[in-house]
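Residues per chain, in single letters:
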Amino acid sequence: MKFAQEFRKALQREAFPQKWVDCAIPYGQLKKCLKKVTKELQEIGLDKETLTRLAADQQRSSSESAPADSGGFSYHLEVGAADGKAAESARFRPRLTVFIHLENGVAVDAQLSPSTRDFLQRLALNNVDTTDGILSSDGKPATPPITPPSSSRAPATTGNAIDIRQVEVPLVFDAEFFGILQTDVSNIKTLQEEEQAKLESQIVILGEELGKAVEPSHGRKAKADLDAWRQIFELYLDARIFFSSRESDHGARTSTQAVEQLRWFQDQVVQRRLVQRLKLSTSHAAFDNFVSINTALLSILKFQEINRLAITKILKKFDKRTSLGVSSTFPAAARSDRSLVGSIAQDVCARMSTELISVVPQLDDYLCPICFAIAYWPVRLQCQHVFCSRCLVKMSRKDERYCPLCRADTIMLAGLENFDAERAAFLRKYFPKEVKEKIRANERERNQEIFGPAYNSVHCCTM
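It should be emphasised that the depicted structure is a prediction, and the values quoted were computed from it without experimental measurement.

Rules of the game
Residues numbered from 1 in each chain as written. Predicted model: local features only at pLDDT ≥ 70, side-chain atom pairs only at ≥ 80, totals over all residues. Heavy atoms only, no water. Helix = DSSP H or I, 4+ residues; strand = E, 2+ residues; numbered from the N terminus. Buried < 20%, exposed > 50% of the residue type's maximum accessible area, 1.4 Å probe, protein only. Contact = heavy atoms within 4.5 Å. Areas by Shrake-Rupley, 256 points an atom, 1.4 Å probe, with all protein chains shown as cover. Arc of directions from axis to C-beta. Core = buried A, V, L, I, M, F, W, Y, C linked by side-chain atoms within 4.5 Å. Expected span 1.5 Å × (residues − 1). Pairing = 2+ DSSP bridges. Lys, Arg positive; Asp, Glu negative; His and termini not counted. Salt bridge = Lys/Arg side-chain N within 4 Å of Asp/Glu carboxyl O. Phe/Tyr/Trp six-rings, centres within 6.5 Å; stacked < 30°, edge-to-face > 60°.

K.L.:
Tell me about the overall build of the protein chain, and please be specific about residues and values.
P.N.:
On a plain count of helices and strands, the protein chain comes out with 16 helices and nine strands. A buried classification covers 40% of the 463 residues belonging to the protein chain. Restricting the contact set of the protein chain to residue pairs at least 6 apart, pairs at least 24 apart contribute 68%. When the accessible surface of the protein chain is split by element, carbon and sulfur atoms take 51% of a total near 25300 Å².

K.L.:
I'd like a rundown of helix 15 (residues 421-430), residues and numbers included.
P.N.:
Listing the buried residues of helix 15 in full gives Ala424, Leu427 and Tyr430. Mapping the buried residues of helix 15 onto a view down its axis gives an arc of 145 degrees, with all of them on the same face.

K.L.:
Could you give an account of the nonpolar core, naming the residues involved and the relevant values?
P.N.:
Within the largest apolar cluster, 100 residues are counted, with the highest numbers of intra-cluster contacts made by Phe177, Phe178, Trp229 and Phe265. The greatest single-element share of this core, amounting to 16 residues, is contributed by helix 10 (residues 281-322). Not counting residues within four places of it along the chain, the set of residues in contact with Trp229 comprises Leu210, Val214, Leu278, Ser283, Ala286, Phe287 and Val360. In this structure, Phe387, Cys388, Cys391 and Ile411 belong to the second largest nonpolar core, which totals 11 residues.

K.L.:
Kindly report on helix 16 (residues 432-451), identifying the contributing residues and their values.
P.N.:
The terminal C-alpha atoms of helix 16 lie 28 Å apart, and with 20 residues this matches the ideal 28 Å at 1.5 Å per residue to within 8%. Buried residues belonging to helix 16 abut strand 9 (386-388), helix 14 (389-397) and helix 15. A positive backbone phi angle near 105 degrees is found at Gly452, which sits one or two residues after helix 16.

K.L.:
For the pairing of strand 2 (residues 92-103), give the residues involved together with the corresponding values.
P.N.:
The buried fraction of strand 2 is high, at nine of 12 residues. Relative to strand 3 (residues 106-107), strand 2 runs antiparallel, the two sharing two bridges. Along strand 3, the bridge assignment pairs Leu102 with Ala107. Here strand 2 folds back onto strand 3 in antiparallel fashion, the turn holding two residues, of which Asn104 has a positive phi close to 55 degrees.

K.L.:
Which residues make up the side chain of Asp174, and what values go with them?
P.N.:
Here Asp174 lies in helix 6 (residues 173-213). Although buried, Asp174 forms no salt bridge, and the nearest oppositely charged side chain, Arg93, lies 8.2 Å from it. Other than its neighbours up to four places away in sequence, Asp174 contacts Val37, Glu40, Tyr75 and Pro94.

K.L.:
An account of the pattern of salt bridges is needed here, citing residue identities and associated values.
P.N.:
When the charged atoms of two side chains with opposite charge come close together, those side chains can pair. The full count for this structure, using the stated rule, is 15 salt bridges. In this structure, Lys19 and Glu194 form a salt bridge, with 3.0 Å as the shortest nitrogen-oxygen distance. One end of the pair, Lys19, is in helix 2 (residues 18-23); the other, Glu194, is in helix 6, with 175 residues separating them in the sequence. Residue Glu194 is classed as partly exposed on the basis of its relative accessible area of 38%. Within this structure, Arg390, Lys394, Arg397, Glu445 and Glu449 form a network of salt bridges that share partners.

K.L.:
Can you explain the packing of aromatic side chains? Please cite residues and give values.
P.N.:
Applying the stated rule across the entire model yields 19 aromatic pairs. Ring plane angle 55 degrees and centroid distance 6.2 Å describe the contact between Trp229 and Phe287, whose orientation is recorded as tilted. With Trp229 in helix 7 (residues 220-239) and Phe287 in helix 10, this pair connects stretches of sequence that are 58 residues apart. With relative accessibility at 1%, the residue Trp229 sits in the buried group.

Keep in mind these values describe shape, not function.
Shown next, in the form of C-alpha cells:
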C-alpha cells in the first residue's frame, strides 16, 4: 500500500478533530509538486543522474584536496527575515548553484550534456558578477580577466585560463514545494501550541479543584480521598507514560509505548480499586478529567508522529528523485524542531507535576535521608537540609559534625531555633498516620536506650 493511502487512513483511524486533519501535511499535493520539480530539472538537463555524477565528482575532488569551487553543485535553503518578521515565520528561498568551467567563454565540463553546458554557459555569460575566480591550466591562480564592456557581456580570458563560475540556476517549482511544506509545518506548530495552552489551562483548573477536594480539614472523606489520590499519583509516576527519566529507557516515549504505559496505569488503578475508594463526587470527576487530559496528550503525540513520518517520507522521495540532498537541511531551515519531536508531552507532564501532583504531597519527598522514615520532628540545618531530630541527636552523640548530604559543619550548631515548625504542622496535616508511627518509633528507641534492649513497649494492665 502506498504511503499516501496509509497516511489518509491513519488520520481517519485516529479520529482526529477536523481542524487537525486540515492542518496535516498535504502529502498528495507535495507529491504532485515534486513531479513538477523533477520535470523542471530534466528540461534544463539537471536530472537525477547528472546531479548524482556532479555530486560524486565534487566528493572526489574534495578528497583530493581540490579547491572547494572546482566542480559540482550546492543546494541549500536560504532563510531570511523579511518585513520585520521573525526568522521562523519568514519565507525561505531554495538556491541551486552549479560550478562550471569556462575556457575562452565555452563550457568544458565533461559531466554535463551539450544542452546543459549550453544552458549553464548562457547563464554564466549573462551574469559576469558571479565569477568566483580564475585558475590557470596548471591549477594555480591566474591574473583575473579584464571585464569587457557591458555590451559584450563575455569575460576576457588569457591564454588557456579556466574561468570557474558559480551559476545560480533559476527554478520555480522547488520554491513552491518548500513553501507548501514550510507553511504546513508552521500551521502544525501553531495548532500544537494552541492545544498545549488548552491542556495546561485544564490542568490548572483541575489542580485547583483537586486541592479543594482533598483538603484534610474538610473531613474524613477528604482524608480518605487524599490517601487514594496519593496512591493514584504514585502509580502514574511509576508508569512514566510520556517521558522516562530512568537510565535504561531515558527520553520521550513513542505513541505505542505511551499507549501501553497508560493502559498499565489504568489496569493498576482498577486492580487496586482506587476509584471505588474515592468518596467525593468531585474526586470522581477529577479522575475522569485527569484521564481525559492524558488521552488528549496521547492524541497530540500520535498526530506529531504521523506528520513527522509524512515529512520524512516526502523529503526522502525528494532526494531520491532529484539527488539534491535536503532531508537533513529542511528541519533546521524551517525551524520545525518543536513540531517534529515530542517536546510538548514533556512540557505538559512538567506542568502536571507542578499543578496536580504537588497538590497531593508524596511521602518520598519528606523522608529523612538518614533513617528513610518521615522526617519528624524536622530540624533544618544552616545548610538548609532537613533531618529528623532523632537522627541528628544520635549523630551529635557520636561527635559527627558534618551534614551527611553536603558535608557542611552544621550539626553541632543546631538548636531549638532550627526546629521547622511550619514543616512539622504540614506533616501532621498531610501525613498523620506516618507521623504517629514515627513518634511511637522514637519513644520505643528512647526507652530501649534507658531500660536496655530487652525493653518491650507492651502496655501494662492493672488488675
